[in-house]
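As a plain string of letters, each chain reads:
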Amino acid sequence: MKLFDVYPLNNITITRAKGSHVWDEQGTAYLDLYGGHAVISIGHGHPHWKGRIEEQLSKISFYSNSIHIPLQEALAEKLGKVSGKDDYQLFLCNSGAEANENALKLASFHTGRKKIVAFSKAFHGRTSLAVAATDNSNYRAPVNETDNVTFLPFNNSQALKDHFIKHGNDIAAVIVEGIQGVGGIHIAENEFLQTIRQCCDTYGAVYIADSVQCGYGRSGKFFSHDYAGVPADIYSMAKGMGNGFPVAGIIIHPAIKPKHFQLGTTFGGNHLACAAALAVLEVLESEQLIDHAATLGNWLMQELRQLTVLQNVRGRGLMIGFDVPEHLGALRQRLLTEHHIFTGEAKPRVIRLLPSLALLQAEAGQLIDALKKEIALLPIS
Ligand SMILES: Cc1ncc(COP(=O)(O)O)c(C=O)c1O
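These notes cover the structure that comes with them. (Residues numbered from 1 in each chain as written. Predicted model: local features only at pLDDT ≥ 70, side-chain atom pairs only at ≥ 80, totals over all residues. Heavy atoms only, no water.)

The next subject is the overall build of the chain. The helix and strand tally for the chain stands at 11 helices and 17 strands. Relative to the 2.2 N^0.38 estimate, which gives 21 Å for 381 residues, the radius of gyration of the chain is 21 Å and therefore close to what a compact globule would have. Taken over the C-alpha atoms alone, the chain extends approximately 60 × 55 × 45 Å along its principal axes. Counting every position in the chain, which comprises 381 residues, the buried fraction comes to 53%. (Helix = DSSP H or I, 4+ residues; strand = E, 2+ residues; numbered from the N terminus. Rg over C-alpha atoms; globule rule 2.2 N^0.38 Å. Buried < 20%, exposed > 50% of the residue type's maximum accessible area, 1.4 Å probe, protein only.)

How two aromatic rings sit relative to each other is given by the distance of their centres and the angle of their planes. The final tally for this structure, using the stated rule, is 10 aromatic pairs. Among the aromatic side chains, those forming a connected cluster through ring pairs are Y88, Y216, F222, F223 and Y235. Positioned above the aromatic ring of W23 is the side chain of R16, whose terminal nitrogen or guanidinium carbon lies 4.2 Å from the ring centre. When the ring centre of Y139 is taken as origin, the NZ or CZ atom of R126, which lies over that ring, is 4.3 Å away. (Phe/Tyr/Trp six-rings, centres within 6.5 Å; stacked < 30°, edge-to-face > 60°. Lys NZ or Arg CZ within 6 Å of the ring centre and 35° of its normal.)

Around the ligand lies a shell of 13 residues, among which G96, A97, D210, Q213 and K239 are the nearest. A97 places a main-chain nitrogen or oxygen 2.8 Å from an oxygen atom of the ligand. Measuring from a nitrogen atom of the ligand, one finds a backbone N or O atom of F123 at 3.4 Å. Bound to the protein, the ligand loses 82% of the 390 Å² it would expose on its own. (Near = heavy atom within 4 Å. Polar contact = N/O pair within 3.5 Å; in protein donor to acceptor, adjacent residues only side chain to side chain. Areas by Shrake-Rupley, 256 points an atom, 1.4 Å probe, with all protein chains shown as cover.)

Here the focus is the pairing of strand β13 (residues 311–316). The sheet contact formed by β13 and strand β14 (residues 319–323) spans 4 bridges and is antiparallel. Paired with G315 across the two strands is I320, which belongs to β14. (Pairing = 2+ DSSP bridges.)

With that settled, the discussion passes to the nonpolar core. Grouped together as the largest cluster of nonpolar side chains are 81 residues, with contacts concentrated most on F119, I196, L284 and L304. A total of 11 residues in this core trace back to one element, the largest contributor, which is helix α8 (residues 271–286). Apart from residues lying up to four places away in sequence, L284 is in contact with I42, Y216, F222, L289, I290 and L357. Counting residues in hydrophobic clusters, the runner-up holds 24 residues, among them A133, I208, A248 and I256. (Core = buried A, V, L, I, M, F, W, Y, C linked by side-chain atoms within 4.5 Å. Contact = heavy atoms within 4.5 Å.)

Let's shift gears to the sheet that holds strand β16 (residues 344–346). Read from one edge of the open sheet, 4 strands run β13-β14-β17-β16, paired in antiparallel fashion. Edge positions in the sheet fall to β13 and β16, since each of these pairs with one other strand and no more. For this sheet, the mean angle separating the axes of adjacent strands, direction not counted, is 25°. Strand contacts of helix α9 (residues 289–306): β13, β14 and β17 (350–353), with the helix running at about 180° to β13, the strand carrying the most contacts. (Axes fitted to C-alpha atoms, helices over the stretch in contact; angles between N-to-C directions.)

Another point: the packing of helix α2 (residues 47–57) against α8. Orientation of α2 relative to α8, taken along the N-to-C sense of each, is 155°, at an axis distance of 9 Å. One way to sum up the angle between α2 and α8 is to call them roughly antiparallel. Two packed elements cross with a definite hand, and for α2 against α8 that hand is right-handed. In contact with H48, W49, R52, I53, Q56 and L57 of α2, α8 contributes H271, L272, A275, A276, L278, A279, V280, E282 and V283. Across the contact of α2 with α8, the residue classes tally to 10 nonpolar, 3 polar and 2 charged. (Parallel < 35°, antiparallel > 145°, perpendicular 65-115°, else oblique. Left-handed = near helix turned anticlockwise from the far one by under 90°. Nonpolar A, V, L, I, M, F, W, Y, C, P; charged D, E, K, R; others polar.)

None of the figures reported here should be taken as evidence of function without further support.
If you want it as structure tokens, here you go:
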């Protein structure tokens, strides 16, 4: 049997990883500023994370959600404490798309309404409702087409207000990333998120903060939406939550009440996933990685801004993007092949940095050195 060929691949096979580095079959080390797509939050193979998973594995790795799983309660308590959302309720699942799917479905159950507002360049995942709220028609199959989702311009408060004035009583939810990731690192302005909050309050709609990529401390706050100073009703999370162990969830405001059987999952919240997720929160706290992400991110953005050939350096914490000018079009590939640095991308020519939150300043400095070398190779114009 062959693999179903859905990804263009780099011709590299990673066999080992530690901290912010990965090694290929030949033993070549690469600096990982991509974090396997924003997934590695506390560093590859962190000893506390490994230890917690191994210890759990030796006891029990899985049983269904038909029994009491105290690790889930421990996770809910710890997550409430670290995120500052103690009074929210946790529902666990397995992936970012599934988290958003459940968030949107729950909003519809709660309000009894069908309409969803999403924004230009949004990415919310590939399950049916999540992909319907994703602003990329290439990802939507005919069966995903629906008139229940309206796309409005991102960061345009007036367009949002106008839409609510016309359709507010039909709107179940507004879903928004605090920093758009796949869309190319675009920060939701505080005033825009505050307007979402106001509109949702006025019309009884649910504000869903998609924190799958921008959450879990990456932005320098636990949720990047927190910069706006207004709470969301539901936060979805995944990627950094398990540091590579598949685990995801939504946290839900106490005003939204649970009903048996509305949501459910076989694998979500299994013992191993909870152990991994608890380990991540423990390390975020003990190593103060959220503050570190804020500080190092500021330093890195300052350094990047000195390299004036790079355009529109932007981001928060360790979620950073910049535009690569056309004449440096091969930059990302050259960082990988010539300097052994993994970075992320967004179309058309954005480099995205999504490293572990435990990245060291010296490691971030390697990127700056590599970029300087590449820029020095440019012909003088
Ligand atoms: C903001 C956002 N939401 C949802 C998803 C989907 O997550 P997953 O791939 O775990 O389903 C992603 C993945 O990149 C994402 O960036």
